[in-house]
Amino acid sequence: MFRKIILALFTIVFISKFAYLGAMPFSFDETLYTEMIAEEAEHPSFLPTWFGYPAPWKPGLFFFASSLFLPITSAIFSSPEYAYRIPLMVFGLLNAALLYLIIKRFSGEGTALAASLIFYSALPSFSVESRLLMETFMLSTILASLYFYTREKPGPSNFILGGIFAFLAAITKSVVALLIPALAIAYVFQFDRKSLRSPAFLISLLAVPAGLALFWLSLSGLGLSESIFFTDTGKMFVYDYSSELLSNVVWGATLILLFMLPVLAASLISFASTWRKNLMFSAWMLLLFFLLLLGQRPWYYYYAMPPVAFFSALLLVPSGKKLDAFAALILAILAAVSCSVALFTEWNPSYIPSFGEGKEIGLMLSGKENVLFIGQYQVNTISISYKSIEERRDYGNPLDFGWILFDYRKNNLTSASAQDFVQDYWRADYDVEESDFAAIFWQDRIFRKNTSITEFDYVVVSPPIENFTPAGYSRYYAGNYSTVYGRIG
């Protein structure tokens, strides 16, 4: 009976995620990923591109895997949000299933069912699985690898399969894959020490370094190995988060973790009393403290949800016990709270109105030629993403456009500099990066996209500049976060 209740709760959570999958426009990394996936579908490559520019912030496996779904999902769904995001719903379900199978070996079916539902209904899972982010797919590779490492009677074939998925993790989001060998060693050390001398196990531990080496060598061919590998990939360890620490902690801990206080409290209580019995999940739990310490982005908390779910489930359904009415009631309440919070925060279009405006401008300018986007990263890239998606659907390819990106983290756009680039896009009196767009996230400078356009019919300025209208243009659309100008005559 209680298994049916859990299945019903899973179904309700899935339907909730599916129903609101298109509520929030693409934003942040999603705005780049839509184009990178589309280009990967046309020209598969280990290193992804963005409008033809090398964009290997991460290896290309996620983009390639997503591109395999795109022809099918685009034919089924007219909504671009559904077309691009629905594969992540599939991998989200897979993650819950893999977590269930892994935990079942440790603590039995009751704990496993509770943990998988807690994980699947947790707010970080809502947040990540309803967006076009790498985390859902990446966690699938991690859990698949650990599934084989934690088999009840592991052998060479299981270790090799674990290594294969570890390699796939390394060529998905390289630095996060280092989690796999650490957890595998923790498990084998506790439950299967003789395998520490197994050649198959030792060789499998080289899978992640091999994936990192492949990424490094691929970047070397573009002359980007040092800048990408150490600056972007390694920024989790070397980046100075002090300037962003407070905002990240407030955003991540408040939005994601505050609504999970009962789950976190249960998890920490259980962790304190049972950590020695579950070294793999205990080592994994340390990731949560690492993320909180560094004030990491909210979506990174998704990687820490499996151990949080495991330890909280242990308190609700102790190892070897079966689900009972009290546990089912608590799980139903947790699922209901997560669905409700997601509805009013994560999926509420009014929550961040600039996203909706960026989408509106992109759709409005779809099919219009000779468009210049100038200003900050966030709203502009939303507009560029939707304009390109619609044009690719209508014409087969996105139309050419100009893009002057001012500093990623700062707003130093002025009326004078905006007028300068509108008047002469290729002017040489500014320090402008024109080739290495892979550096937009860590270099505070101006970036200029290559284009064959010499005169622009439309100019999008984000954020709006007070009392500014480019010479020869009139205001075409006045928004709160962007202003669009049209050429006169």
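Just above, that's the structure.
Fair warning: this is a prediction, and the values are worked out from it, not measured in the lab. (Residues numbered from 1 in each chain as written. Predicted model: local features only at pLDDT ≥ 70, side-chain atom pairs only at ≥ 80, totals over all residues. Heavy atoms only, no water.)

A. Geometry of the overall build of the chain. When you go through the chain residue by residue, the secondary structure sums to 21 helices and 9 strands. Once the C-alpha set of the chain is aligned to its principal axes, its extents read approximately 75 × 45 × 45 Å. Counting every position in the chain, which comprises 489 residues, the buried fraction comes to 58%. In the chain, once contacts between residues fewer than 6 apart in sequence are set aside, the share between residues at least 24 apart is 73%. Approximately 19700 Å² of the chain is accessible, and the part contributed by carbon and sulfur atoms is 64%. Mean positive and mean negative side-chain charge positions of the chain (33 and 37 charges, respectively) differ by 15 Å. (Helix = DSSP H or I, 4+ residues; strand = E, 2+ residues; numbered from the N terminus. Buried < 20%, exposed > 50% of the residue type's maximum accessible area, 1.4 Å probe, protein only. Contact = heavy atoms within 4.5 Å. Areas by Shrake-Rupley, 256 points an atom, 1.4 Å probe, with all protein chains shown as cover. Lys, Arg positive; Asp, Glu negative; His and termini not counted. Charge placed at Lys NZ, Arg CZ, Asp CG, Glu CD.)

B. Structural view of the packing of helix 15 (residues 261-274) against helix 17 (residues 305-316). Running from amino to carboxyl end, helix 15 crosses helix 17 at an angle of 80 degrees, the nearest separation of the two axes being 7 Å. Viewed along their axes, helix 15 and helix 17 adopt a mutual orientation that is roughly perpendicular. Across from Val-263, Leu-264, Ala-266, Ser-267, Ile-269, Ser-270, Phe-271 and Thr-274 in helix 15, the residues of helix 17 making contact are Pro-307, Val-308, Phe-311, Ser-312, Leu-314 and Leu-315. Its residues assigned to classes, the contact of helix 15 with helix 17 shows 10 nonpolar, 4 polar and no charged. (Axes fitted to C-alpha atoms, helices over the stretch in contact; angles between N-to-C directions. Parallel < 35°, antiparallel > 145°, perpendicular 65-115°, else oblique. Nonpolar A, V, L, I, M, F, W, Y, C, P; charged D, E, K, R; others polar.)

C. Representation of the pattern of salt bridges. Applying the stated rule across the entire model yields 16 salt bridges. A salt bridge links Lys-387 to Glu-391; its shortest N-O distance comes to 2.5 Å. Within this pair, Lys-387 and its partner Glu-391 are both found in helix 20 (residues 377-395), separated by 4 residues, close to a single helical turn. The two residues Lys-387 and Glu-391 agree in class, both being buried. Here Asp-431 and Arg-445 are joined by a salt bridge, their closest N and O atoms 2.8 Å apart. With a gap of 14 residues between them, Asp-431 in the loop between helix 21 (415-423) and strand 5 (432-433) and Arg-445 in the loop between strand 5 and strand 6 (446-448) connect regions that are remote in the sequence. (Salt bridge = Lys/Arg side-chain N within 4 Å of Asp/Glu carboxyl O.)

D. Inspection of the pairing of strand 8 (residues 473-478) at higher detail. Looking at chain direction, strand 8 and strand 9 (residues 483-487) are connected through 5 bridges and run antiparallel. Note on strand 9: the bridge partner recorded for Tyr-473 is Arg-487. The turn joining strand 8 and strand 9, which pair antiparallel and follow one another in sequence, is formed by 4 residues. (Pairing = 2+ DSSP bridges.)

E. Structural view of the packing of aromatic side chains. Per the counting criterion, the structure on display carries 45 aromatic pairs. Both rings, one in Phe-28 and one in Trp-299, keep their centres 6.2 Å apart while their planes meet at 50 degrees; by these two values the pair is tilted. Of the two residues, Phe-28 is situated in the loop between helix 1 (2-19) and helix 2 (30-42) and Trp-299 in the loop between helix 16 (279-294) and helix 17; the sequence distance between them amounts to 271 residues. Seen from their ring centres, Phe-148 and Phe-165 are 5.9 Å apart, and the 10 degrees between their planes marks the pair as stacked. Note that Phe-148 is positioned in helix 7 (residues 135-149) and Phe-165 in helix 8 (residues 156-170), a separation of 17 residues in sequence. For Phe-148, a relative accessible area of 15% translates into the label buried. Taken together through their ring pairs, the aromatic side chains of Trp-50, Phe-51, Tyr-53, Phe-373, Phe-401, Trp-403, Phe-437 and Phe-447 make up a single cluster. Sitting above the plane of the Phe-126 ring, Lys-17 keeps its charged end 5.2 Å from the centroid. The ring centre of Phe-189 lies 3.9 Å from the NZ or CZ of Arg-193, which sits over that ring. (Phe/Tyr/Trp six-rings, centres within 6.5 Å; stacked < 30°, edge-to-face > 60°. Lys NZ or Arg CZ within 6 Å of the ring centre and 35° of its normal.)

F. Structural view of the sheet that holds strand 4 (residues 401-405). Spatially, 7 strands are ordered 5-6-4-3-7-9-8 in an open sheet, and the strand pairing comes out mixed. Unpaired on one side and paired on the other, strand 5 and strand 8 mark the two borders of the sheet. Of the strand pairs in this sheet, strand 3 (residues 371-375) and strand 4 are connected by 5 bridges, and their pairing is parallel. Paired with Leu-372 across the two strands is Gly-402, which belongs to strand 4. In the packing of helix 20 onto the sheet, contacts are made with strand 3, strand 4 and strand 7 (458-462), and the angle to strand 3 comes to roughly 160 degrees. Across the face of the sheet, helix 21 comes into contact with strand 3, strand 4, strand 5, strand 6, strand 7 and strand 8 while running at roughly 155 degrees to strand 3.

G. Representation of helix 19 (residues 353-365). Counted at 1.5 Å a residue, the expected span for helix 19 with its 13 residues is 18 Å, and the 19 Å between its end C-alpha atoms agrees. Regarding helix 19, the residues found buried are Ser-354, Phe-355, Glu-357, Gly-358, Ile-361, Gly-362 and Leu-365. With its buried residues spanning 165 degrees around the axis, helix 19 presents them on a single face. Residues of helix 19 that are buried in the fold lie against strand 3, helix 20, strand 7, strand 8 and strand 9. Where helix 19 ends, the next residue or the one after it, Gly-367, has phi of about 90 degrees, a positive value. (Expected span 1.5 Å × (residues − 1). Arc of directions from axis to C-beta.)

H. How the structure looks around the packing of helix 1 against helix 4 (residues 80-107). At a minimum axis distance of 11 Å, the contact between helix 1 and helix 4 shows a crossing angle of 160 degrees. By the angle class used here, helix 1 and helix 4 are roughly antiparallel. As for how helix 1 packs across helix 4, the hand of that crossing is right-handed. For the pair helix 1 and helix 4, the contacting residues are Phe-10, Phe-14, Lys-17, Phe-18 and Ala-19 in the first and Tyr-82, Ile-86, Met-89, Leu-93 and Ala-96 in the second. For the contact of helix 1 with helix 4, the residue count by class is 9 nonpolar, no polar and 1 charged. (Left-handed = near helix turned anticlockwise from the far one by under 90°.)

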